[in-house]
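Take a look at the letters that make up each chain.
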Amino acid sequence: MAKNTHLEHLEDDIFNEGSAGATNALNFLKALRDMLSEGSGGSKVKITTKWDGAPAVICGRDPENGKFFVGTKSVFNKVDAKIVYTDEDADRLYGGSTVGSILKLCLKYLSDLPIKGVLQGDLLYSKPLSKMSGEYKFKPNTITYVLDAKSPMGMKVGASKMGIVFHTTYTGNSMSSLSAGFGVDVSNLQGVKNVAVFSSSFENINGAANLTPAEKSKLNSVILSAEKSLASGGKFLDTIQGGKGPFSLPALFKVYFNQIIRGGKIPTSSSQMANGFKQFVSTKYTTEIDKKKTLKSKLDWTERKAESLKYLNTNSNMMNSALDGFKNLMDAKVLIINKLIQIKSIGTFLETENGLRATNPEGFVAIRDGAALKLVDRLEFSRANFTVAKDWGK
């Protein structure tokens, strides 16, 4: 696969790739179902746990010059790649910013790790942690993590200067040609006192996340409903492919659903979703029309608005089927997430006005045939990610 710079939600694949994306999402769900079925040793899917770290850190040996480097996802910029080999590089590329200071610390401590090749991870903390009530707490982004100070990992955290979780390995002969592979064996990275290296590997210990017969039956039913709905809406999903830019229908669908998530409630029916989307599209175009300075430009955009809304109204039945399938995919995904979260080794919380509230982990990444999609409960974590204040950069 290419660089791991952005992962898509499983259900969004129907907008990204049309009916092929629908097939891909369904195949992921079936593979996950099989993985969580007792006695199914032949599943073709792999799971890693998503940690809510920030910023993303890429580090290791530059395959072209052998020098150790650190950086953010900007190391993959096609123009002006920001690769930090020295403190001077951090100052030159990032000035006196928080990111620059963090990369200096990463350069200092991560260079002591016996990293072979290039790894990508997420920073969890970049300063020694204080122990309170027998626990260590750190909040790299949205989620607050709580760790028993007496646990093996807790003792390692207490002695460390920074913490990081690695999840992606890169191979290639140059920075521009690096190819990502999910999963990192961090067992050989545990011997450096100053760095607490966490693992993203998911293990279904003692079958704790296995589906019960009733749960598997329910999941199969939801997947079957998704198959039927997406088959009926497949032509619509394929027809809206091909357009580019923020006003293409796939892009607008994804922005619309993010807006719904911020509101904290997903419409219960496809017709409600469809009507809400049409209103959203109308408002987006009206806002754009109001920005235009010339009459010709205003008329052009007014025509584009009319064409988009006409298409949605003309194909309302197929769109409703596609949205039914979208909702089914989300429902099936949540059923699987609720089993995966049974395996949990660290406390996860959200900060509220009344203190910490227990929450689930950020989510998981499913890898199949070299492709990866993220499994996130969007009403739980994604909404929090939109609304909870971030303080890693302070």
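Residues numbered from 1 in each chain as written. Predicted model: local features only at pLDDT ≥ 70, side-chain atom pairs only at ≥ 80, totals over all residues. Heavy atoms only, no water.

Novice: Hey, could you run me through the sheet that holds strand S14 (residues 371–375) in this one?
Specialist: Sheet strands pair by backbone hydrogen bonding; their relative direction is either parallel or antiparallel. On the basis of which strands lie adjacent, the open sheet formed by three strands has the order S1-S13-S14 and antiparallel pairing. Pairing within the sheet leaves two strands with one partner each, and these edge strands are strand S1 (45–50) and S14. Taking the axes of each pair of neighbouring strands and ignoring which way they run, one obtains an average angle of 25 degrees across the sheet. Pairing of S1 with strand S13 (residues 363–368) involves six bridges; the strand directions are antiparallel. Within the sheet, the bridge partner assigned to Lys46 lies in S13 and is Ile367. Against the sheet, helix H10 (residues 316–340) touches S1, S13 and S14, its axis set at about 80 degrees to S14. (Pairing = 2+ DSSP bridges. Helix = DSSP H or I, 4+ residues; strand = E, 2+ residues; numbered from the N terminus. Axes fitted to C-alpha atoms, helices over the stretch in contact; angles between N-to-C directions. Contact = heavy atoms within 4.5 Å.)

Novice: Looking at this structure, I do not really get unusual backbone geometry. What am I missing?
Specialist: The general pattern is negative phi for most residues beyond glycine and trans for most peptide bonds. Omega for the bond connecting Ala54 with Pro55 falls within 30 degrees of zero, at -5 degrees, which places this linkage in the cis form. Topologically, Pro55 is positioned in the loop between S1 and strand S2 (56–61). In this model, Asp80 sits at a positive phi of 60 degrees, which is unusual for a non-glycine residue. Inspection of the secondary structure puts Asp80 in the loop between strand S3 (68–71) and helix H3 (87–94). Accessibility expressed as a relative area gives 64% for Asp80, which makes it exposed. One non-glycine residue, Ser133, lies in the positive phi region at around 55 degrees. Mapped onto the elements of the fold, Ser133 is located in the loop between strand S5 (131–132) and strand S6 (135–138). (Buried < 20%, exposed > 50% of the residue type's maximum accessible area, 1.4 Å probe, protein only.)

Novice: Even after reading the chapter, I still don't get the side chain of Lys278, so can you show me in this structure?
Specialist: Take Lys278: it is sitting in helix H8 (residues 270–291). Separated by 3.0 Å, the side chains of Lys278 and Asn313 make a polar contact. Non-local contacts of Lys278, meaning those with residues more than four positions away in its chain, are made with Leu309, Leu312, Asn313, Ser316 and Met319. (Polar contact = N/O pair within 3.5 Å; in protein donor to acceptor, adjacent residues only side chain to side chain.)

Novice: Hey, could you run me through the pairing of S2 in this one?
Specialist: Two faces, one strand: in a regular strand the side chains alternate between the faces of the sheet. Among the six residues of S2, five are classified as buried, and the element is accordingly described as predominantly covered. Alignment of S2 against strand S4 (residues 118–125), held across five bridges, turns out to be antiparallel. Considered in S4, the bridge of Ala56 is made with Asp122. The pairing of S2 with S3 spans four bridges and is antiparallel. Looking at the pairing, Cys59 lines up with Val70 of S3. If you look at the hairpin formed by S2 and S3, you'll find six residues sitting between the two strands, and Gly66 has a positive phi there, around 75 degrees.

Novice: Got a minute to help me understand the pattern of salt bridges in this structure?
Specialist: Proximity of charged atoms lets side chains of opposite charge pair with each other. One pass over the structure, following the stated rule, counts 17 salt bridges. Within the structure, one salt-bridge network assembled from shared partners comprises Glu11, Asp12, Lys333 and Arg378. (Salt bridge = Lys/Arg side-chain N within 4 Å of Asp/Glu carboxyl O.)

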